[in-house]
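Structure assessment
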Amino acid sequence: MDLEKDVKFVKGVGPSKVKLLNKLEIYTLKDLISYYPRTYEDRSKAKYLSDCVDGEEATIEAIACSRISEIRMPKKTMQKLIIRDETMTGTVTWFNQNYLKNIFYTGKKYRFYGKISKKYNNISIISPVFDEIGCTKNTGKIIPIYPLTYQLTQNVLRKIIENGIAEVKDNLQETLPEYLLKEYKLLNINQAIQNIHFPQKFEDFKLARYRLVFEELLTTQLALLQLKNNYMNDKNGIAFNKDVKMSEIINELPFKLTKAQLRVLEEIDNNMESEKSMNRLLQGDVGSGKTVIAMCAAFKAVRSGYQATIIAPTAILAIQHLENFKNILEKMNIRCELLISAITKKKKTELLERLKNGEIDILIGTHALLQENVEFKNLGLVVTDEQHRFGVKQRTTLVEKGKNPDVLVMTATPIPRTLALILYGDLDISIIDELPPNRKKIETFAVQKNMSERVNNFVRKQIEEGRQAYIVCPLVEENEESDLKSVQKIYETYTKEIFPEYRVQYIHGKMKQKEKDEIMLNFKNRQIDILISTTVIEVGVDVPNANIMVIENAERFGLAALHQLRGRVGRGQYQSYCILKCEGKSENARKRMKIMCETNDGFIISEKDLELRGSGDFFGTMQHGLPEFKIANLFEDMPILKTVQGVAIKILEKDPNLQNEENRLLINLIKDKFLKRIEI
Ligand code: ADP
Ligand code: MG
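Parameters and conventions
- Residues numbered from 1 in each chain as written.
- Chains lettered and ligands numbered in written order.
- Predicted model: local features only at pLDDT ≥ 70, side-chain atom pairs only at ≥ 80, totals over all residues.
- Heavy atoms only, no water.
- Helix = DSSP H or I, 4+ residues; strand = E, 2+ residues; numbered from the N terminus.
- Buried < 20%, exposed > 50% of the residue type's maximum accessible area, 1.4 Å probe, protein only.
- Areas by Shrake-Rupley, 256 points an atom, 1.4 Å probe, with all protein chains shown as cover.
- Domains from an automatic or database assignment.
- Phe/Tyr/Trp six-rings, centres within 6.5 Å; stacked < 30°, edge-to-face > 60°.
- Lys NZ or Arg CZ within 6 Å of the ring centre and 35° of its normal.
- Arc of directions from axis to C-beta.
- Contact = heavy atoms within 4.5 Å.
- Axes fitted to C-alpha atoms, helices over the stretch in contact; angles between N-to-C directions.
- Parallel < 35°, antiparallel > 145°, perpendicular 65-115°, else oblique.
- Left-handed = near helix turned anticlockwise from the far one by under 90°.
- Nonpolar A, V, L, I, M, F, W, Y, C, P; charged D, E, K, R; others polar.
- Core = buried A, V, L, I, M, F, W, Y, C linked by side-chain atoms within 4.5 Å.
- Near = heavy atom within 4 Å.
- Polar contact = N/O pair within 3.5 Å; in protein donor to acceptor, adjacent residues only side chain to side chain.

A word on the overall build of the protein
Within the protein one finds 21 helices and 22 strands. Across its three principal axes, the protein shows a C-alpha extent of roughly 95 × 70 × 45 Å. The 680 residues of the protein split such that 52% are buried. Carbon and sulfur atoms make up 49% of the accessible area of the protein, which amounts to about 32600 Å² in all.

The structure is reproduced here in structure tokens:
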């Protein structure tokens, strides 16, 4: 059986359907049968009429008390059937379904599934699907609900998938090794595929899902860990000069490094001196001082005769890094330059020429660095700042500009270990778990909306003292249009009503990068008093003079997002404040705000965020660079993830390169998932 065969050869798929299926990224028979339901409707258990509540979807078993009566209305007809079960009488109504007229027989029992409307004591079911008792075409079972595209209906897609599954029935080749199926009591692949689509009972579905999630997470985890093994055993990396001492640059710094920074630097130093490639993730809360680590590593690379590059997500961050680097490194005769898309063509040509000739030691920039014509003479170190903004692919593009350069990935999103292992399983991890001394805690307050007046007065007081403020607008939805509207509305209120005397500006995600950079620069240069923004300011721009942030509708943000946002203040010598304005009285929101007020520690916050994940959007702030999962959900499936991580480590301990016959299938899975779809 050919799983790769074009989906157009599946029964029920005509030319027009092919196009629709392709839109859902279903191209082959295999894609079709692994197009998993989004949810299920349980039409198996019938309820009594008297137990139904208004608005729910329910299955009812009832006797028809009459034939259908038809009511003519201005533009439609209505079909009405009186039914009763043991508890009460009700009505079933359809519209324009004239063919139903002769289908129901008085006294016969049927099963209906549809939406319940209950007004006073009159109960009706609107436009239900139905079966005679004994038949389970539309009811009496669990029905899968698929994510759809325009013009494709549930019924049609369900039928096509049913046909696809009928073709492969019981003939799918097992994808997991026998020993794993046994040891972890997993369903075989045929049962799993059958039951993920058409389970008889919810228990069947659960087992099927468990098996498929297990397989997906195991594949990803194994692939990442194996990648890491490869780096570790690969001796083709650069061994940077042992005689170049980090202390030389550390002594030039205007401050003493924290213990955590020193520890991390030592880990990096060891990596750099070894002939294995470095692939290290540096996690550290906002403000923990990651930039200086990148600088020291770059110093070591340059003094060893190599070039280094730092990629940042925005021009303003790149500029900020450049300034910091130049302050220290220029007097040590290390040449740092900036490459962003805004520089003139002439300057760029000249810069690229010098880069190629090795006349630039450290190149700092934005996505512009990724362009093909950016060529280094001998790139030895690649640093990505705020990793969550870049995908694996972008990281790779930059890395390929050198010959096995060392790689340092920096992120301010603290991640609990279990997740780090699956998100960044191919990397070694270093953590800065300590802030530089004398940082003032950002005072955080949660207030209800009716306190706005007092909040505004407080902001005014700070501005009068020469400070600047951020006002963050709520996320309306995952929808930029409506976010935009909310920014504009809040901007109007603030400029016209609340702070007409101050210089207020707004910034949002839909603006051109250049425009955003300009505004941020103006803010940094104190030409703006109050900056109203969506979450675009989340990424690390340093405006030490801004000491107050007001977050509107803070209840709509996840903890991790709030923490990232808050990190924008508290960067200078001034006492800083974060005010969380909330609406509503949700218990979960109250808990989240309490955590924010109690702690400034990103790791504690991320742990709590996971605990309260119901509303937290842990990944909201990470967006890119995540492995894609077809069925696994890293939150709900945390227990499976933990099991799988243990399994993966055990497998690789016994068979590091997955060469044993018993693991042949695992190699296939990894190839299938990673080599075909994304390039690692
Ligand atoms: P992040 O980890 O968020 O990127 P930065 O590297 O931007 O943090 O550092 C935040 C600020 O702290 C910078 O102004 C930096 O110069 C300063 N800093 C870093 N390390 C120390 C230290 N050990 N002592 C004092 N200040 C430090
Ligand atoms: Mg930073």
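Focus: the domain arrangement of the protein
Domain annotation of the protein identifies domain 1 (1-41 + 155-166), domain 2 (45-140), domain 3 (247-274 + 289-411) and domain 4 (443-599). Computed from C-alpha coordinates alone, the two centres of domain 1 and domain 2 are separated by 32 Å.

Comments concerning the packing of aromatic side chains
Under the definition given, this model contains 19 aromatic pairs. Each residue in the set Trp94, Phe104, Tyr110, Phe112 and Phe130 is aromatic and connected to the rest through ring pairs, giving one cluster. For Arg467, the ring lying beneath its charged end belongs to Tyr574, and the centroid distance is 3.5 Å.

Structural notes on helix α1 (residues 15-23)
If you check which residues of α1 are buried, you get Val18, Leu20 and Leu21. Summarising the axial view, the buried residues of α1 lie within an arc of 165 degrees, below the 170-degree limit, and thus occupy one face. Pointing more than 90 degrees away from the buried face of α1 are the exposed residues Pro15, Ser16, Lys19 and Lys23. Buried-residue contacts for α1 involve α3 (154-168). Phi for Glu25, located one or two positions after α1, is positive at around 65 degrees.

Examining the packing of helix α8 (residues 259-273) against helix α9 (residues 291-303)
The interhelical angle for the contact between α8 and α9, taken along N-to-C directions, is 30 degrees, at an axis separation of 10 Å. The angle between α8 and α9 falls in the class roughly parallel. Taken as a pair, α8 and α9 cross one another with a handedness that is right-handed. In contact with Gln261, Val264, Leu265, Ile268, Asp269, Met272 and Glu273 of α8, α9 contributes Val292, Ile293, Cys296, Ala297, Lys300 and Ala301. The class makeup of the residues in the contact of α8 with α9 is 9 nonpolar, 1 polar and 3 charged.

So, the nonpolar core
It is characteristic of soluble globular proteins that their nonpolar side chains tend to be buried jointly. The biggest cluster of nonpolar side chains holds 70 residues, and the ones touching the most others in it are Leu176, Leu217, Leu218 and Leu419. Examining the composition of this core, we find that 10 residues originate from one element, helix α6 (residues 202-233), more than from any other. Core analysis: the second largest hydrophobic core is formed by 62 residues, Phe240, Leu282, Leu317 and Leu363 among them.

With respect to the site of ligand 1
The full set close to ligand 1 counts 16 residues, and Lys256, Gly287, Lys290, Thr291 and Arg439 are the nearest of them. Lys256 places a polar main-chain atom, nitrogen or oxygen, 2.8 Å from a nitrogen atom of ligand 1. Thr291 places a polar side-chain atom, nitrogen or oxygen, 2.6 Å from an oxygen atom of ligand 1. Coverage of ligand 1 by the protein chains reaches 80% of its 560 Å² of free accessible surface. Taken together, the residues that form the shell around ligand 1 break down as 4 nonpolar, 6 polar and 6 charged.

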